[in-house]
Amino acid sequence: MRHLAHWFFLFAATIRLLGHFARAAVYWKTQARNDLKLPADQLLRNLPLHRRRHYFYGTAFLSAVFCRLRGKKISLVERRRFSRLAALACAFDDSADGLSPRLALPELPEALGPLLDDGGLALHLLRLVYAEIPPAVLPAFRTDLNRVYQVELAGRKRPSAQPSEAALTAITKQKGGFSVLLFRRLLDDEPDAANEALVFELGGFVQLCDDIFDVWFDRKNQAPTLAVFFLEKNAPEQLEAVFSAWLKALSRTIRQMPGTQFRRETTVCTVYFLAAITRVCLRRYGLLKKKHGTLPLDDRKAMVVDMARRQNWWRTVQALFEPC
């Protein structure tokens with residue numbers, strides 16, 4: 001019965017997720033570019049299409065989870081807010097990567113804009129985002145944005161020693177939690193305390209998944225993460241145990257939220273799409289350890305999992321059918 005219930009809710013979540021992404025795809029093709037209000041030359045020069053698309057669809061997944069939680073579709077205005085904040089995140093990440101670690105950075109993100117070599121792109125997008133946020137929500141949004149900025153600043157400082165597992169856990173939860181809270185505040189209905197706590201937990205889990213995929217890149221950039229911490233110890237099984245524990249805790253929190261069982265379970269199954277893709281990556285690491293004895297961490301071809309490959313999509317489908 002447990003398997004049948006999982007398949008039923010998974011089917012329902014899949015239909016709704018496909019519909020959500022179909023509407024997002026239409027928006028991307030027809031309105032997303034114009035809503036950034038940028039000259040074409042600046043858009044192409046400072047905000048590459050493939051990068052912006054990656055961020056856009058990543059945040060479209062977040063909006064799909066939020067829609068399941070609140071039982072309401074995302075409006076066109078809300079989608080525009082998501083698109084603009086996704087573009088801002090993309091522009092900031094690209095520009096900040098080129099900053100010297102020795103540069104003394106300002107305390108507030110607004111003051112960083114003039115220091116970026118992006119033709120004023122990030123500052124323009126930040127002002128666009130601010131322009132559509134209701135005045136009552138703006139203080140909380142600014143607070144969360146500053147928290148994300150401070151975590152990013154801390155991450156730019158190269159620690160003299162490897163941070164502990166506890167420290168990396170806190171960083172992962174804060175970086176992901178405050179980032180996802182930013183997007184949740186773009187919706188018209190303000191989250192209550194319970195919803196804020198859930199969104200913060202969701203953000204930490206999303207960040208962990210992202211770090212699991214980006215191990216090779218994070219090691220190259222000397223960015224300490226939980227995934228790097230465990231894989232440098234040649235312990236992918238411990239990383240998978242942490243991932244499973246966080247997924248179970250998040251699923252339990254969602255199932256304790258108010259609303260119908262159908263809405264709660266389809267929300268869990270929507271999150272499970274991200275979990276299934278991440279499991280493919282984790283199992284890849286496990287197979288590499290079994291094959292080589294020690295993980296080939298410096299081998300990009302081995303460590304970067306290409307989800308465009310058909311066999312990885314089949315593995316994702318198999319992981320989806322495992323009960324939550």
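Below, the structure is looked at part by part.

Calculation notes
- Residues numbered from 1 in each chain as written.
- Predicted model: local features only at pLDDT ≥ 70, side-chain atom pairs only at ≥ 80, totals over all residues.
- Heavy atoms only, no water.
- Helix = DSSP H or I, 4+ residues; strand = E, 2+ residues; numbered from the N terminus.
- Rg over C-alpha atoms; globule rule 2.2 N^0.38 Å.
- Buried < 20%, exposed > 50% of the residue type's maximum accessible area, 1.4 Å probe, protein only.
- Areas by Shrake-Rupley, 256 points an atom, 1.4 Å probe, with all protein chains shown as cover.
- Lys, Arg positive; Asp, Glu negative; His and termini not counted.
- Charge placed at Lys NZ, Arg CZ, Asp CG, Glu CD.
- Salt bridge = Lys/Arg side-chain N within 4 Å of Asp/Glu carboxyl O.
- Patch = residues over 30% accessible without salt bridge, like charges linked within 9 Å, V, L, I, M, F, W, Y side chains within 5 Å.
- Polar contact = N/O pair within 3.5 Å; in protein donor to acceptor, adjacent residues only side chain to side chain.
- Contact = heavy atoms within 4.5 Å.
- Core = buried A, V, L, I, M, F, W, Y, C linked by side-chain atoms within 4.5 Å.
- Axes fitted to C-alpha atoms, helices over the stretch in contact; angles between N-to-C directions.
- Parallel < 35°, antiparallel > 145°, perpendicular 65-115°, else oblique.
- Left-handed = near helix turned anticlockwise from the far one by under 90°.
- Phe/Tyr/Trp six-rings, centres within 6.5 Å; stacked < 30°, edge-to-face > 60°.
- Lys NZ or Arg CZ within 6 Å of the ring centre and 35° of its normal.

**A short note on the overall build of the protein chain**
- A tally of regular secondary structure across the protein chain gives 16 helices and zero strands.
- Relative to the compact-globule value of 20 Å for 324 residues, the protein chain shows a C-alpha radius of gyration of 20 Å, a close match.
- With the C-alpha coordinates aligned to their principal axes, the bounding extent of the protein chain is approximately 50 × 50 × 35 Å.
- The buried share of the protein chain, taken over its 324 residues, is 50%.
- As displayed, the protein chain offers around 16300 Å² of accessible surface, 57% of which is attributable to carbon and sulfur atoms.
- Taken as two groups, the 48 positive and 32 negative side-chain charges of the protein chain have centres that lie 6 Å from each other.

**Focus: the pattern of salt bridges**
- Applying the stated criterion across every chain, the model contains 14 salt bridges.
- Between Arg84 and Glu132 there is a salt bridge, with the nearest N and O atoms lying 3.8 Å from each other. Note that Arg84 is positioned in helix H5 (residues 76-96) and Glu132 in the loop between helix H7 (121-131) and helix H8 (138-156), a separation of 48 residues in sequence. Of the two residues, Arg84 and Glu132, both sit in the buried class.
- Across the salt bridge formed by Arg219 and Asp298, the nearest N and O atoms sit 2.9 Å from each other. Of this pair, Arg219 sits in helix H11 (residues 215-220) while Asp298 sits in the loop between helix H14 (261-292) and helix H15 (300-303), and the two are 79 residues apart along the sequence.
- Among the residues examined, Asp298 registers a relative accessible area of 66% and is labelled exposed.
- Here the salt bridges share partners, and the residues they tie into one network are Arg70, Glu78, Arg184 and Asp189.

**Describing a positive patch on the surface**
- On the surface, Arg284, Lys291, Lys301, Arg309 and Arg315 cluster together to form a positively charged patch.
- Here Lys291 shows up in helix H14.

**Comments concerning the side chain of Thr270**
- Relative to the helices and strands, Thr270 is located in helix H14.
- By relative accessible area, Thr270 is classed as buried at 1%.
- Separated by 2.7 Å, the side chain of Thr270 and the backbone oxygen of Thr266 make a polar contact.
- Once residues lying within four places of it in the same chain are set aside, the contact partners of Thr270 are Ala13, Leu17, Phe61, Val65 and Arg68.

**Topic: the side chain of Arg279**
- Its place among the elements puts Arg279 in helix H14.
- Once you skip the residues sitting within four places of it in the chain, Arg279 turns out to touch Glu240, Phe243, Ser244, Leu247, Tyr272 and Glu322.

**Comments concerning the nonpolar core**
- Of all hydrophobic cores here, the largest spans 94 residues; its most connected members are Phe66, Phe141, Phe205, Ile212 and Phe243.
- The biggest single contributor to this core is H14, with 13 residues.
- Apart from residues lying up to four places away in sequence, Ile212 is in contact with Ala227, Leu239, Phe243, Thr278, Cys281, Leu282 and Tyr285.
- Grouped together as the second largest cluster of nonpolar side chains are six residues, Ala24, Tyr27, Trp28 and Ala32 included.

**Structural notes on a nonpolar patch on the surface**
- Side chains of Leu4, Trp7, Trp314, Val317 and Phe321 sit close together on the surface and give an oily, nonpolar patch of about 530 Å² of accessible area.
- Assignment of secondary structure puts Phe321 in the segment after helix H16 (310-320).
- With relative accessibility at 41%, the residue Phe321 sits in the partly exposed group.

**Thoughts on the packing of helix H9 (residues 165-184) against helix H10 (residues 193-213)**
- At their nearest, the axes of H9 and H10 sit 6 Å apart, and the two run at 120 degrees to each other. Between H9 and H10, the interaxial angle falls into the category oblique. When you trace H9 past H10, the crossing you get is right-handed. On the side of H9, the interface is formed by Thr172, Lys173, Gln174, Lys175, Gly176, Gly177, Phe178, Val180, Leu181 and Arg184, while H10 contributes Glu196, Val199, Phe200, Leu202, Gly203, Gly204, Gln207, Leu208 and Asp211.

**Observations regarding the packing of aromatic side chains**
- Here the structure, examined in full by the defined rule, presents 17 aromatic pairs.
- For the ring pair Trp7 and Phe321, a centre distance of 6.2 Å and an interplane angle of 70 degrees mean the geometry is edge-to-face. In this pair, Trp7 is assigned in helix H1 (residues 2-30) and Phe321 in the segment after H16, connecting sequence segments 314 residues apart.
- Linked through ring pairs, Phe21, Tyr27, Trp28, Phe56 and Tyr57 together constitute an aromatic cluster.
- Over the ring of Tyr130 we find Arg142, and its NZ or CZ is 4.2 Å from the ring centre.
- A cation sits over an aromatic face here: Lys173 above Trp246, 5.1 Å from the ring centre.

**What to know about H7**
- Counted residue by residue, H7 has eight buried out of 11 residues, so it is predominantly covered.
- Within H7, the full set of buried residues consists of Leu121, Ala122, Leu123, Leu125, Leu126, Leu128, Val129 and Tyr130.

**Concerning unusual backbone geometry**
- Within the chain, Lys37 stands out as a residue other than glycine whose phi angle is a positive 55 degrees.
- Position of Lys37 relative to the elements: it lies in the loop between helix H2 (32-35) and helix H3 (40-46).
- You will see that Gln222, though not glycine, has its phi angle at about 55 degrees, which is positive.
- Considering the arrangement of structural elements, one finds Gln222 in the loop between H11 and helix H12 (226-232).

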